[in-house]
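If you want the building blocks of each chain, they are given just below.
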Amino acid sequence: MYTETEEMKQKRIKAFKYHAPKENQIERYAMIRYGANVMAADINKNCPESREKSLAMTKLEEVVMWANAAIARNEADPEPEVAPGPPDPPRSKVSQVG
C-alpha cells in the first residue's frame, strides 16, 4: 500500500472541497460560459453532425469546467476552512486476545 504525503493530501483537499464563489468570480464564470457559448454556436453553424463535432463540443465543456476550476481552486480563500476533508482512513490493528 502507498503512503499519502502531506503534499498529496493538500492537493486532494483542494481538488475535492467545495469552493464557494467569492468577490467577482460569478461574473468571471459567466464570461467564460458566454465565450464558450459563442464558440459552440460557431461550431454548430460551421460543422456537420459527426463524431468530431461531438468531441469538439465535449472538449469545449471541459474548457469551461477547467477554466472555472482554475478560478475556484487557486484564488486566496479568505474564509477559514470548516472541514479540511475526511479523516485519514483507519490503519488496521492487530487484535490482541486477552
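Check the entry above for the structure.
The rules we used
- Residues numbered from 1 in each chain as written.
- Predicted model: local features only at pLDDT ≥ 70, side-chain atom pairs only at ≥ 80, totals over all residues.
- Heavy atoms only, no water.
- Helix = DSSP H or I, 4+ residues; strand = E, 2+ residues; numbered from the N terminus.
- Buried < 20%, exposed > 50% of the residue type's maximum accessible area, 1.4 Å probe, protein only.
- Contact = heavy atoms within 4.5 Å.
- Areas by Shrake-Rupley, 256 points an atom, 1.4 Å probe, with all protein chains shown as cover.
- Core = buried A, V, L, I, M, F, W, Y, C linked by side-chain atoms within 4.5 Å.
- Polar contact = N/O pair within 3.5 Å; in protein donor to acceptor, adjacent residues only side chain to side chain.
- Salt bridge = Lys/Arg side-chain N within 4 Å of Asp/Glu carboxyl O.

Student: Please explain the overall build of the protein as it appears in this structure.
Tutor: Counting its secondary structure elements, the protein contains three helices and zero strands. Seen in sequence order, the protein has helices and strands lined up from the N terminus as α-α-α. Burial status across the protein gives 15% buried among its 98 residues. Put simply, of all contacts in the protein between residues at least 6 apart along the chain, 73% involve residues at least 24 apart. With an accessible surface of roughly 8500 Å², the protein has 60% of that area assigned to carbon and sulfur atoms.

Student: I would appreciate a short explanation of the nonpolar core in the present structure.
Tutor: Side chains of a nonpolar character, in soluble globular proteins, are inclined to be buried together. Core analysis: the biggest nonpolar cluster contains five residues, these being Ala36, Ala40, Ile43, Leu60 and Val64. For this core, the element with the highest residue contribution is helix α2 (residues 25-46), accounting for three residues. When neighbours within four sequence positions are excluded, Val64 is seen to be in contact with Ile32, Arg33 and Ala36.

Student: Help me understand the environment of Gln25 in this model?
Tutor: Checked against the element boundaries, Gln25 lands in helix α2. Residue classification places Gln25 among the buried residues on the basis of a relative accessible area of 1%. Separated by 50 residues in the primary sequence, Gln25 and Glu75 place their C-alpha atoms 9.7 Å from one another. Not counting the four nearest positions on each side in its chain, Gln25 is found in contact with Ala20, Ile71, Ala72 and Glu75. Side chain to side chain, Gln25 and Glu75 meet in a polar contact 2.8 Å long.

Student: Sorry, what's going on with unusual backbone geometry here?
Tutor: Most of the time, phi is negative for any residue but glycine, and the peptide bond is trans. Despite not being glycine, Glu23 shows a phi value in the positive range, around 45 degrees. Checked against the element boundaries, Glu23 lands in the loop between α1 (6-16) and α2. In this structure Glu23 comes out as exposed when scored by relative accessible area, which is 75%.

Student: Can you walk me through the pattern of salt bridges in this structure?
Tutor: Two side chains of opposite charge can pair, provided their charged atoms sit close to one another. Tallied over the entire structure, the rule returns five salt bridges. A salt bridge links Lys11 to Glu7; the shortest N-O distance between them is 3.6 Å. Remark: Glu7 and Lys11 occur in helix α1; sequence separation between them is four residues, near one turn of the helix.

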